[in-house]
Amino acid sequence: MSTRSFIARPTDPAATGSRYAGRYCHFDGYPENQLPLLLGALQYRFAGDLEALRRHLVDAPHDWSGLGMDLLEGAPEHVLNQIDPHAERYPSRPLDDVVTLSGAPAEPMTITQANAGGLDWGYVLHDHGIEVIALTRDDRGGPIVSWDTSPLTRFRGTPSLWGRDRPVPVRPSRPVLKVAAPVSPAPARPRATR
């Protein structure tokens with residue numbers, strides 16, 4: 001099932017008429033999927049180069065069918081295992097199989113405030129963090145997830161929790177499993193003989 005979103009860069013509303021401009025992303029747009037990939041991409045694959053991340057995702061010559069684990073290239077195995085526990089390792093997929101009525105490939109659509117209606121989520125890649133917009137609740141904006149947030153953070157995907165004046169909704173941390181020290185069996189007691 002599609003959860004339609006967009007990945008965008010901020011723009012100057014006075015010059016462009018929109019606070020952002022970006023690319024459509026068809027599948028897996030919930031924060032619990034997109035945010036770990038975006039946070040991890042900046043940290044690992046793009047080594048902190050936000051402009052390179054923006055060029056890769058927002059300036060792509062196509063829209064996205066879905067973002068994938070290739071964005072976490074260079075991440076430690078334990079990070080990959082927590083974000084993708086089933087080790088499916090699906091890569092990002094361009095949305096390049098759409099054709100026009102004439103049969104020509106469709107051009108990517110630039111998503112702005114004017115045409116974001118009908119989408120579920122928006123992710124604006126600001127210099128200081130990712131603005132998460134729950135478009136089904138409030139298209140005016142949302143909270144900012146700082147770039148230094150761990151990609152292993154467990155985010156909640158309920159749109160009503162992602163209001164502009166609300167804190168970033170995270171799930172409690174997973175409990176750490178504690179392994180008890182093995183217990184040695186008590187020594188056998190000698191049997192009394194008659």
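Our subject in this report is the structure included herewith. As the structure is a computational prediction, the values presented were derived from the model and not from experiment. (Residues numbered from 1 in each chain as written. Predicted model: local features only at pLDDT ≥ 70, side-chain atom pairs only at ≥ 80, totals over all residues. Heavy atoms only, no water.)

### With respect to the overall build of the protein
The number of helices and strands found in the protein is 4 helices and 8 strands. Listed by position from the N terminus, the elements making up the protein come as β-α-β-α-α-β-α-β-β-β-β-β. The 194 residues of the protein split such that 40% are buried. Of the contacts formed within the protein by residues at least 6 apart in sequence, a portion of 57% connects residues at least 24 apart. Accessible surface computed for the protein: about 11500 Å², of which carbon and sulfur atoms make up 54%. (Helix = DSSP H or I, 4+ residues; strand = E, 2+ residues; numbered from the N terminus. Buried < 20%, exposed > 50% of the residue type's maximum accessible area, 1.4 Å probe, protein only. Contact = heavy atoms within 4.5 Å. Areas by Shrake-Rupley, 256 points an atom, 1.4 Å probe, with all protein chains shown as cover.)

### Quick word on the packing of aromatic side chains
Counted according to the given criterion, the structure contains 4 aromatic pairs. Taken together, a centroid distance of 6.3 Å and an interplanar angle of 90° make the contact between Trp121 and Trp162 edge-to-face. Taken together, the positions of Trp121 in strand S6 (residues 121-125) and Trp162 in the segment after strand S8 (144-146) put the pair 41 residues apart, joining distant regions of the chain. Grouped by ring-pair contacts, the aromatic residues Tyr30, Trp121, Phe155 and Trp162 constitute a single cluster. (Phe/Tyr/Trp six-rings, centres within 6.5 Å; stacked < 30°, edge-to-face > 60°.)

### Some words on the pairing of strand S7 (residues 129-134)
On a regular strand, one side chain projects to one face of the sheet and the next to the other, so that they alternate. Counting buried positions along S7 yields 6 of 6 residues, so the element is predominantly enclosed. Between the antiparallel neighbours S6 and S7 lie 3 residues. By the bridge criterion, 3 bridges tie S7 to S8 in an arrangement that is antiparallel. The residue of S8 that forms the bridge with Ile130 is Val145. (Pairing = 2+ DSSP bridges.)

### Considering the nonpolar core
Within the largest apolar cluster, 34 residues are counted, with the highest numbers of intra-cluster contacts made by Leu53, Leu57, Leu67, Leu125, Ile130 and Trp162. Listed by contribution, the elements that provide at least two residues to this core are helix H2 (31-45), helix H3 (50-58), helix H4 (77-83), S6 and S7. Among the elements that take part in this core, H2 stands out by supplying 6 residues, more than any other. Excluding anything up to four places from it in sequence, Leu57 contacts Ile7, Arg23, Leu38, Trp64, Leu67 and Leu71. Core analysis: the second largest hydrophobic core is formed by 10 residues, Ala8, Ile111, Leu119 and Ile133 among them. (Core = buried A, V, L, I, M, F, W, Y, C linked by side-chain atoms within 4.5 Å.)

### A closer look at the pattern of salt bridges
Here the structure, examined in full by the defined rule, presents 10 salt bridges. Salt-bridge contacts for Glu131 lead to Arg19; the nearest nitrogen and oxygen are separated by 3.0 Å. Here the residue Glu131 occupies a position in strand S7, and Arg19 occupies one in the loop between helix H1 (13-16) and strand S2 (20-25), the gap between them amounting to 112 residues. Residues joined in a network through salt bridges with shared partners are Arg9, Glu51, Arg54, Asp59 and Asp127. (Salt bridge = Lys/Arg side-chain N within 4 Å of Asp/Glu carboxyl O.)

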